[in-house]
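Chain by chain, the residues:
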2 protein chains.
Amino acid sequence: MQLDLIIYDTELLTMEGGGVGYLADAALGIKDDKIAVVGNSKEILAEYQACRSIEGKNLLVMPGLIDAHIHTGIALLRGLAQDITGWMEEGLWPFSRQLDQQAREAGTALNIIEAVRNGTTLLADFGSNLEGLVDWHSRIGTRAVLAKTINELDNSSEIVPGKLYPFDREKGEKDLAESLEWLEKEEIPERISFFLGPQAPDMVSRELLKEIYDRAEEHGIGIHMHVAQGKREHLQMKMRYNSRTIPWLNREGLLNSSLNAVHLTEANPEEARLLARSGAGLTVCSGSIGIIDGQVPPLQEFLAVSDRAALGSDQAPGNNCNNMFNEMKLTALFNKIKSQSPLPLPAWKVLRLATIEAAGCLGLEDKIGSLAPGKYADIITIDLKKVSLAPVIRHPLRNLVPNLVYSAQGSEVRDVMVAGNFIYRKGRMVNVNEEEILQQAEREAARIMERVDEESLDRLSPLYQAQREGKL
Amino acid sequence: MQLDLIIYDTELLTMEGGGVGYLADAALGIKDDKIAVVGNSKEILAEYQACRSIEGKNLLVMPGLIDAHIHTGIALLRGLAQDITGWMEEGLWPFSRQLDQQAREAGTALNIIEAVRNGTTLLADFGSNLEGLVDWHSRIGTRAVLAKTINELDNSSEIVPGKLYPFDREKGEKDLAESLEWLEKEEIPERISFFLGPQAPDMVSRELLKEIYDRAEEHGIGIHMHVAQGKREHLQMKMRYNSRTIPWLNREGLLNSSLNAVHLTEANPEEARLLARSGAGLTVCSGSIGIIDGQVPPLQEFLAVSDRAALGSDQAPGNNCNNMFNEMKLTALFNKIKSQSPLPLPAWKVLRLATIEAAGCLGLEDKIGSLAPGKYADIITIDLKKVSLAPVIRHPLRNLVPNLVYSAQGSEVRDVMVAGNFIYRKGRMVNVNEEEILQQAEREAARIMERVDEESLDRLSPLYQAQREGKL
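Residues numbered from 1 in each chain as written. Chains lettered and ligands numbered in written order. Predicted model: local features only at pLDDT ≥ 70, side-chain atom pairs only at ≥ 80, totals over all residues. Heavy atoms only, no water.

1. Observations concerning the interface of chain B and chain A
The interface is formed by 81 residues belonging to chain B together with 81 residues belonging to chain A. Buried area between chain B and chain A, summed over both chains or domains, comes out near 6800 Å², and the portion from carbon and sulfur atoms is 64%. When the buried surface of chain B facing chain A is broken down by residue, Asp 83, Leu 397 and Leu 472 of chain B rank first, second and third, together holding 11% of it. The interface formed by chain B and chain A contains 2 salt bridges. As a salt-bridge pair, Lys 336 of chain B and Asp 83 of chain A come within 2.7 Å of each other at their nearest N and O atoms. Joining chain B to chain A, the criterion identifies 33 residue pairs in polar contact (both at pLDDT 80 or more). (Contact = heavy atoms within 4.5 Å. Buried area = accessible area lost by both parts, 1.4 Å probe. Salt bridge = Lys/Arg side-chain N within 4 Å of Asp/Glu carboxyl O. Polar contact = N/O pair within 3.5 Å; in protein donor to acceptor, adjacent residues only side chain to side chain.)

Written out as structure tokens, the structure reads:
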């Protein structure tokens, strides 16, 4: 077989087997959009011809990282809502109310570039505007599992604390219909797929939620939903169904392997185990939930039952970065601190949560997440000459994996390939003009900020006061 | 006055006043090794001439970051001791026993480069080999407050768990004498100064510790010491003095403003407040202590009484990186998680802990830590065109400070200047060949690893087993 590309004389973390699948003196061969062969470098070079080959002596090659939950559409609001208690109402809303389609798209482009620079090849992107998401993931070249937000709240101003949300079924049905339309569209790249995205169990009616699950099953796709996200959600569930979220979902038959459940900030250990036993996936957003709530979700309890867990960067106004190296590190460290022990979430485990296990959460375990023949060639290369990884020690104890998790910042990523195509190569975006995207983000942010009502900001955000005090 | 350099049309975080001291449309003028003028760009350009000027439109200029506790000498052991309970005995010792002078120096050079790349201008560097520390800080151009380790333990193999350490007074006196010799040496750059470095209150006798304090007072220098570092220390203090560390230091008159007390991992809230009331400084090493012990020291209790606190990156085999952006972020987040609230350690506060307050811990508050006329020109510039900081929002709410702390990784630093000299400029080390230092680190690490006794490693380190299981 004539290959398109061989990366030879390199080291691999294949993520095959139960650990990290380290291979020395290795090569990886790519044909079309797939990995064709993985193994010993000399043997592969002897057996295969390739149109192009890359010597990988100072590189580490591994599967691309997977961000299993992100809202790229609000990226322009980075850094506007930290260090306050009412993150959403006081921090986010004064700004997010002003976002329009054009601003959301500028944010999406910005956030995807940031993700790619830091080694992310797949984003499970959740937002109101599928058109913008499809467009930018297509143009930049990322793999994406997109979900349009489906909810029955016409707008956030109808939310009155302590009262049941007024549902507008028509709004919810419209969101669902729009989501389903995208399943039929032609000319969408194969690497872009869809989940259905009910916003949260308290934001859609029981009837609509069941309909969403039925439609997802019909189309053989998954459900991407915020679950047990906060006290506000549990208050709604209590008032509406006299139950906490996860037991209610269980009772209604809505916990199963089609579900990628996100957050679990307010879930207790028993609820985490219940979710795990159902076969559903769990995505935790350590950075975002750490900053917004100071919480560490019950990931350890979930992992005691199931490996189907992933990491997500959530969103820039909360997190504030979109970088899976950051999420791996914070997840490992937060869980050590929660348990007051160095043992929970070791480096190899969080690396799996950002690759092969995340693929499982998105129903893609046979297609991506590890370096194995037949899987898509979604790979990244790490520059082992970067000071944060030095010295590289291979014998008697390898330090590559601990340093990837505890020392690397993201800028160690040299190349990013999705489905056999480089989309980032030696520090440069291949398919888009990064400078233009950055400029557009700055322009759009400035335009949106002009619309922000400073009086309500003054009333709402403690940060506005902090700024007057010289703290920003 | 003719200035050497003006950076104009820029934004500053001066860190003057109680917050971050933000100035827009600003300029900074430098003459010799000091900051000569700070203020409005137009006014400064009208009033002053300079040999050289830099347009700072897309830069943020701020004081260099201060790493108030680091052991650069063990940097070659990066990533060899994570995710295990016996970090020091099982993880570190099988390797650190093999380190010799040459390997320590290679580690020091590596670690300083990493620090500078990430915006650190001053390292409070603690180690056994002052000659190597002086040499590399001199050559690279960093400011340094160096402390030679003083202890009365001849070697770590004498430590038997549960027994009093056998003190060797002669060894301790020799360490102290060597420390004092360096105070008399000529031809040491002004930017390099010394503290005395008793390793910990359990590792020197009461008599020697008092002598160290007396010598420090005579010479007008400070004390850099690990305090309340762990259960092992408290067990020794209990056996020797029937007291916990901090109350004992207080009783002995050893808590005062000359002390930079590091860690406090095992201190309780009352002990943290006692330290704070004494006027001593506290340096916390969030990354290192998080990874090694899963602990968050009582920084919040200390800060309720005193601002004299700083951050340290500790060491590469524990942390695993030497990056004050990492420390700022982890300190903010760990404290939020400890308190289950987004409020503790806001962005502006950790930025102060890494700059002006750290200067206070090292007795240098009048010389560095903020941008003010008469202070040394220890400054860094941040490239505001980096995607992790985009978009930069200035009105109605500035997002610069939250994004520096919660999003920046360190690679946003463009230039680093110490005492008026650029030591890192547009991504390149100015005074040393970085490539050579990296190669030397790799060679030295390989040499040391050849000496490691694999049998004892097999017996001691759970990581050796993890490696066989494919987890490294």
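2. Side note on the packing of aromatic side chains
Residues and elements named next belong to chain B. Evaluation of the coordinates by the stated rule reveals 5 aromatic pairs over all chains. Taking the centre distance of 6.3 Å and the plane angle of 40 degrees together, the rings of Trp 182 and Phe 194 count as tilted. Of the two residues, Trp 182 is situated in helix H5 (residues 169-184) and Phe 194 in strand E9 (residues 192-198); the sequence distance between them amounts to 12 residues. Of the two residues examined, Trp 182 and Phe 194, each falls in the buried class. Note that Arg 425 overlies the ring of Phe 422, its terminal NZ or CZ placed 4.6 Å from the centroid. (Phe/Tyr/Trp six-rings, centres within 6.5 Å; stacked < 30°, edge-to-face > 60°. Helix = DSSP H or I, 4+ residues; strand = E, 2+ residues; numbered from the N terminus. Buried < 20%, exposed > 50% of the residue type's maximum accessible area, 1.4 Å probe, protein only. Lys NZ or Arg CZ within 6 Å of the ring centre and 35° of its normal.)

3. A word on the relation of the copies chain B and chain A
At an RMSD of 0.0 Å, chain B and chain A line up after a rotation of 180 degrees and a shift of 0.0 Å along the axis. These values place the two chain copies in the arrangement generated by a two-fold rotation axis. Closest approach to the rotation axis among the C-alpha atoms of chain B is made by Gln 409 of chain B, whose C-alpha sits 3.0 Å away. A high fraction, 100%, of the interface residues of chain B reappear at the interface in chain A, so the copies pair face to face through one surface. (Least-squares fit on C-alpha atoms with pLDDT ≥ 70 in both.)

4. Details of the side chain of Gln 236 of chain A
One can find Gln 236 of chain A in helix H7 (residues 231-241). In contact with Gln 236 of chain A, other than residues within four places in its own chain, are Lys 163, Leu 164, Tyr 165 and Asp 202 of chain A.

5. Describing a nonpolar patch on the surface
A cluster of nonpolar residues, Leu 164, Leu 235 and Met 239 of chain A, forms a patch on the protein surface that exposes about 240 Å² of accessible area. With respect to the helices and strands, the residue Leu 235 of chain A is situated in helix H7. (Patch = residues over 30% accessible without salt bridge, like charges linked within 9 Å, V, L, I, M, F, W, Y side chains within 5 Å. Areas by Shrake-Rupley, 256 points an atom, 1.4 Å probe, with all protein chains shown as cover.)

6. Remarks on the nonpolar core
Among the nonpolar cores identified, the biggest contains 234 residues, and Leu 13, Leu 351 and Ile 382 of chain A together with Leu 13, Leu 351 and Ile 382 of chain B are the most heavily contacted of them. What Leu 351 of chain A contacts, discounting residues up to four positions off in sequence, is Leu 13, Met 15, Val 20, Met 62, Met 328, Val 401, Leu 404 and Val 405 of chain A. (Core = buried A, V, L, I, M, F, W, Y, C linked by side-chain atoms within 4.5 Å.)

7. Focus on the packing of helix H13 (residues 324-339) of chain A against helix H13 (residues 324-339) of chain B
Taken N-terminus to C-terminus, the directions of H13 of chain A and H13 of chain B make an angle of 45 degrees; their axes are 11 Å apart at the nearest point. Relative to H13 of chain B, the element H13 of chain A lies oblique. Considering how the two elements wind past one another, H13 of chain A and H13 of chain B form a crossing that is right-handed. Contact residues: H13 of chain A offers Asn 326, Lys 329, Leu 330, Leu 333, Phe 334 and Ile 337 of chain A, while H13 of chain B offers Asn 326, Lys 329, Leu 330, Leu 333, Phe 334 and Ile 337 of chain B. In terms of residue class, the contact of H13 of chain A with H13 of chain B is built from 8 nonpolar, 2 polar and 2 charged. (Axes fitted to C-alpha atoms, helices over the stretch in contact; angles between N-to-C directions. Parallel < 35°, antiparallel > 145°, perpendicular 65-115°, else oblique. Left-handed = near helix turned anticlockwise from the far one by under 90°. Nonpolar A, V, L, I, M, F, W, Y, C, P; charged D, E, K, R; others polar.)

8. Description of helix H10 (residues 286-293) of chain B
Residues and elements named next belong to chain B. For H10, the buried fraction is high: 7 of the 8 residues fall into the buried class. Taken together, the buried positions of H10 are Ser 286, Gly 287, Ser 288, Ile 289, Gly 290, Ile 291 and Ile 292. At the exit of H10 stands Gly 294, carrying a positive phi of roughly 65 degrees.

9. Let's talk about the environment of Gly 21 of chain A
Residues and elements named next belong to chain A. Mapped onto the elements, Gly 21 comes out in the loop between strand E1 (2-13) and strand E2 (22-31). Gly 21 gets classed as buried once you look at its relative accessible area, which sits at 17%. The spacing of Gly 21 and Trp 348 is 327 residues in sequence and 9.9 Å in space, taken between C-alpha atoms.

10. Concerning the domain arrangement of chain A
Residues and elements named next belong to chain A. One can read the domain layout of chain A as domain 1 (2-63 + 374-429) and domain 2 (65-361). Put simply, the middle of domain 1 and the middle of domain 2, counted by C-alpha atoms, are 30 Å apart. In this assembly, 33 residues from domain 1 lie in contact with 29 residues from domain 2. Note on domain 1 versus domain 2: buried area summed over both sides is about 2500 Å², and carbon and sulfur give 64% of it. Note that Arg 143 and Asp 378 form a salt bridge whose closest N and O atoms lie 2.5 Å from each other. (Domains from an automatic or database assignment.)

11. A few points about the confidence of the model for chain A
Mean pLDDT over chain A works out to 96, with 99% of the residues at or above the 70 mark. Note on the complex model: pTM 0.98, ipTM 0.98. (pLDDT = per-residue confidence, 0-100.)

12. Quick word on empty space enclosed by the protein
One simple way to see leftover space: roll a probe sized like a water molecule over the atoms. According to the stated counting rule, one finds 4 cavities of 30 Å³ or more in the structure shown. Estimates place the volume of the largest cavity at around 110 Å³. As for the largest cavity, its lining consists of Phe 325, Asn 326, Lys 329, Leu 330, Ala 408 and Gln 409 of chain A together with Phe 325, Asn 326, Lys 329, Leu 330, Ala 408 and Gln 409 of chain B. Along the lines of polarity and charge, the residues of the lining of the largest cavity split into 6 nonpolar, 4 polar and 2 charged. (1 Å grid on protein atoms, 1.4 Å probe; cavity = no way out; pocket = protein on both sides within 12 Å on 5 of 7 lines; lining within 4 Å. Points joined across faces, edges and corners; volume = space filled by probe spheres on them.)

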